[in-house]
Amino acid sequence: MAGPTTPKPTDPANTAVRQLVELALADATAGWSMGTIGAIAEFVRAPDEPASRGPNSVVTARGGIRLVLPDDVEAVAYETPAGPGSHWNHAVAFCLSAATARRETRTVLTELGPDTGALRPQDLPGVLFDLGLGTPTVDACVRTTDPELLAALRAAAGRPLFETGAPAALARHSPHRVFLTACGRVEVFTPIPAPNGRSPDGPHTHLLPHLLRAGRTHPATAPIPDGLVPCAHLHPAHPAVDGAGRPVPFDHRRHAAFQRLLATFGDPVQGAIKAAAVAAVRAGEGPDGALVPSDPPGRAALTVALRQLAHTDGPSPALGAWRRRHAPTPDLLDPDGDRDAR
């Protein structure tokens, strides 16, 4: 008779990641996204918005998310400068090896059949279509039961999306958007805005062909370890803007909360760069003679440190000198826009 099996030891890092996810799913001020640069689906909710919680999921009338994290997922917390002023974005990326993260990478509009994984029971009859964007880490899809849109998408199937009339039909009928990665799915039920229109507050998607052409899975300023790619992002509440991206009085508690995430899940090299810059400015030292990082993540960390000091400490001659000397070049700014201006 076989003896008792020895339970596998618990991975502390994996446990910390899953605890973070559970806390964030319960936090109405946290946002989420899945996708890649140029094609992304975002899920956010208002603090007073009715929401249904399921296993690793949250759903509202406007959208939802389900996270299914593989055991080898790695969390990477980071900050990147955004815009020409004093703003920055922050996020926790849930990363996998490029091989584990890879999706179907379809390059033509493709009917996938009924969406059996829909977040809401009433959406289970919907038919899923992969838009064929060729993105390696996300299948960007739409779901519909509308007969007219079904006919239009089936007529365009087998061809690249932008060589057909499908984009106009999608804008007219505004189907659900369903973005699938190796870490789960985000669904968006809100209307697609008119051309040149503003994305609605709350869950929404971006499809920007000019950014897709770069073929990047994440900004060069994000310190994602070699061999890994992000498959989902958590966007905790920002200390300087509200959920709609409007400036608010600086919230020191929110700032401190994300600094703790950086201490747990962040890149220690970036942490050291930030700490050195903060110490120098607070000591009244100028930027002359300081060791300045040359890599994009390091330069981004320095820029963010100086922007945050403007909020935490206020203006000073030393900070002014540092910011003039190390004004960010355009390549340091988030290529996907102001991610925290939801």
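Structure first, text after, so check above.
Residue positions within a chain follow its written sequence, with the count starting from 1. Residue-level local features of this predicted model are given only where pLDDT is at least 70; pairs of side-chain atoms are given and counted only at 80 or more, and the full residue set underlies all totals for whole chains, interfaces and linings. Here the side-chain values reflect all heavy atoms present in the structure, with hydrogen atoms and water set aside.

Draft legend 1. Just the pairing of strand β7 (residues 88-97), in detail. Whether a residue is buried, partly exposed or exposed follows from its accessible area with a 1.4 Å probe, protein chains only, as a fraction of its type maximum: under 20%, in between, or over 50%, in that order. In DSSP terms, a helix is any run of H or I states spanning at least four residues, a strand is any run of E spanning at least two, and both are numbered starting from the N terminus. Summarising burial for β7: 9 of the 10 residues are buried, a large majority. Sheet topology note: the strand β6 (residues 74-81)/β7 ladder contains 8 bridges and is antiparallel. Considered in β7, the bridge of P81 is made with W88. A strand pair is defined by DSSP finding two or more bridges across the two strands. The turn joining β6 and β7, which pair antiparallel and follow one another in sequence, is formed by 6 residues; a positive phi near 75 degrees is taken by G83. Sheet topology places β7 next to strand β14 (residues 228-235); 6 bridges connect them, and they run antiparallel. In the strand pairing of β14, A93 is matched with H233.

Draft legend 2. Geometry of the layout of surface pockets. Points on a 1 Å grid, built from protein atoms alone, make a cavity when a 1.4 Å probe fits but cannot get out and make a pocket when they are open with protein on both sides within 12 Å along at least 5 of 7 lines; residues with an atom within 4 Å of a point are the lining residues. Grid points are joined across faces, edges and corners, and a volume is the space filled by probe spheres set on the points. Size it by volume and the largest pocket reaches roughly 590 Å³. In terms of lining, the largest pocket is formed by 23 residues, of which the most central are I192, P193, T205, H206 and L207. Residue assignment for the lining of the largest pocket shows that the elements contributing at least two residues are α4 (166-173), β11 (176-181) and β13 (204-207). Within the lining of the largest pocket, the residues separate by chemical class into 17 nonpolar, 5 polar and 1 charged. In this classification, Asp, Glu, Lys and Arg are treated as charged, Ala, Val, Leu, Ile, Met, Phe, Trp, Tyr, Cys and Pro as nonpolar, and every other residue, Gly included, as polar.

Draft legend 3. The state of the cysteines, seen in detail. Pairs of cysteine sulfur atoms within 2.5 Å are identified as disulfides in what follows. Per the counting criterion, the structure on display carries 0 disulfides. With no disulfide of its own, C95 has C231 as its nearest cysteine by sulfur position, at a separation of 7.4 Å. Residue classification places C95 among the buried positions, given a relative accessible area of 0%. In this structure C141 is a free cysteine whose sulfur lies 15 Å from that of C231, the closest cysteine sulfur available. Judged by its relative accessible area of 1%, C141 is buried.

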